[in-house]
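Understanding the architecture of this molecule
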Amino acid sequence: LIGKELGLSYTQIGFLMSAQHLAGAISHLPGGMLVDAIGKKGYLLAASLFWVGVPYALMSLTHSMWMLVLCLMLVGIGNNLWHPAAIPTLAYRYPQRKGLVLSFHGMGGNIGEALAPLAAGALLAWFSWRTVVVINVIPGLVMAILIVVLVGALATARARDDGEVNAGAVESKWNMRQ
């Protein structure tokens, strides 16, 4: 629909998709280094969702193929910031069940990839593509807010647990000295 409205050829549409995936591939390694350097994985997860949503909202305003290229490249970068933050977060939170948790993570992504085209198609029955890309921002914003709230709650609980463990270690050492 976007290609038809903007008068794009199939080659140009293919270029758009290639640009998105190429930007994502190139950004994967720096994204992982950024996650390791910053360490605030929950906030980076939320930023990743935000980073994907804003370019979609901008897409609704564009009438240029080159603006679409830029927006899709930003979407690709945002998509690839997600995994370097999500995978270690899950592995840390569930150290005894890393394989299972990462399997659920991958399965969730695959289910999303399967259902998203159906949802988009259903929305396109009632709305223009410009409205649908704006609607696409809403779930990302909701999830970003939930992640910030829940990961903040997890960090608080983890700090409390770490404090209790450290206090117990200090108490054990004190008891051993006496």
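Residues numbered from 1 in each chain as written. Predicted model: local features only at pLDDT ≥ 70, side-chain atom pairs only at ≥ 80, totals over all residues. Heavy atoms only, no water.

1. So, the pattern of salt bridges
Defined as follows: Salt bridges, as used here, are contacts in which a Lys or Arg side-chain nitrogen is within 4 Å of a carboxyl oxygen on Asp or Glu. Helix and strand assignments come from DSSP, with helices taken as H or I runs of at least 4 residues and strands as E runs of at least 2, each series counted from the N terminus.
Taken as a whole and judged by the stated rule, the model has one salt bridge. Of the charged contacts in the structure, one is a salt bridge between Glu5 and Arg130, with a shortest N-O distance of 2.7 Å. Separated by 125 residues along the polypeptide, Glu5 in helix α1 (residues 2–6) and Arg130 in helix α6 (residues 129–135) bring together distant segments of the chain.

2. Considering the packing of helix α3 (residues 41–59) against helix α4 (residues 65–93)
This is how it is decided: Convention adopted: a line fitted to C-alpha atoms gives each axis, helices being fitted over their contacting stretch, and angles between N-to-C directions are expressed from 0 to 180 degrees. Note that the term roughly parallel is reserved for angles under 35 degrees, roughly antiparallel for angles over 145, roughly perpendicular for angles of 65 to 115, and oblique for everything else. By convention the crossing between two helices is left-handed if the near helix lies anticlockwise of the far one by an angle smaller than a right angle, and right-handed if it lies clockwise.
One way to put it is that α3 packs onto α4 with a least axis distance of 8 Å and a crossing angle of 160°. In terms of axis orientation, α3 runs roughly antiparallel to α4. Along this stretch, α3 crosses α4, giving a crossing that reads as left-handed.

3. Quick notes on helix α5 (residues 98–124)
Heads up, the rule is: By this rule the span expected of a helix is its residue count minus one, scaled by 1.5 Å. Bend at a given residue is defined as the angle between two axes, one fitted to the seven residues that end at that position and one fitted to the seven that begin there.
A rise of 1.5 Å per residue sets the reference length of α5, with its 27 residues, at 39 Å; its end C-alpha atoms lie 38 Å apart and thus fit the reference within 8%. The largest bend in α5 is about 30°, located at Leu115, with the proline Pro117 one to four residues further on.

4. Let's talk about the confidence of the model for the protein
For residues with low pLDDT, the predicted coordinates do not support detailed interpretation. This is how it is decided: Note on scores: pLDDT gives the predictor's confidence for each residue, bounded by 0 and 100. Should any heavy atoms of two residues lie within 4.5 Å, those residues are counted as being in contact.
With 85% of its residues at a pLDDT of 70 or more, the protein has an overall mean of 83. Confidence over residues 172–177 falls short of pLDDT 50; this stretch has zero contacts with residues more than four positions distant or in other chains.

5. Notes on the packing of helix α2 (residues 10–38) against α4
Heads up, the condition is: Classes in brief: Ala, Val, Leu, Ile, Met, Phe, Trp, Tyr, Cys and Pro nonpolar; Asp, Glu, Lys and Arg charged; the others, Gly included, polar.
The interhelical angle for the contact between α2 and α4, taken along N-to-C directions, is 35°, at an axis separation of 6 Å. Note on packing geometry: the crossing formed by α2 with α4 is right-handed. Across the contact of α2 with α4, the residue classes tally to 18 nonpolar, eleven polar and no charged.

6. Some remarks on a nonpolar patch on the surface
Under the convention used in this document: Residues forming no salt bridge and having over 30% relative accessible area are the ones grouped into patches, like charges within 9 Å of each other and nonpolar side chains (Val, Leu, Ile, Met, Phe, Trp, Tyr) within 5 Å. Accessible areas in this description were obtained via Shrake-Rupley with a 1.4 Å probe; residue shielding takes into account the shown protein chains only.
Together, Phe50, Val54, Leu58, Leu61, Met67, Leu70 and Leu141 make up an exposed nonpolar region whose accessible area comes to about 610 Å². For the nonpolar patch, the elements supplying multiple residues, two or more each, are α3 and α4. Broken down by element, the nonpolar patch gets its largest block of residues, three residues, from α3. Inspection of the secondary structure puts Leu58 in helix α3.

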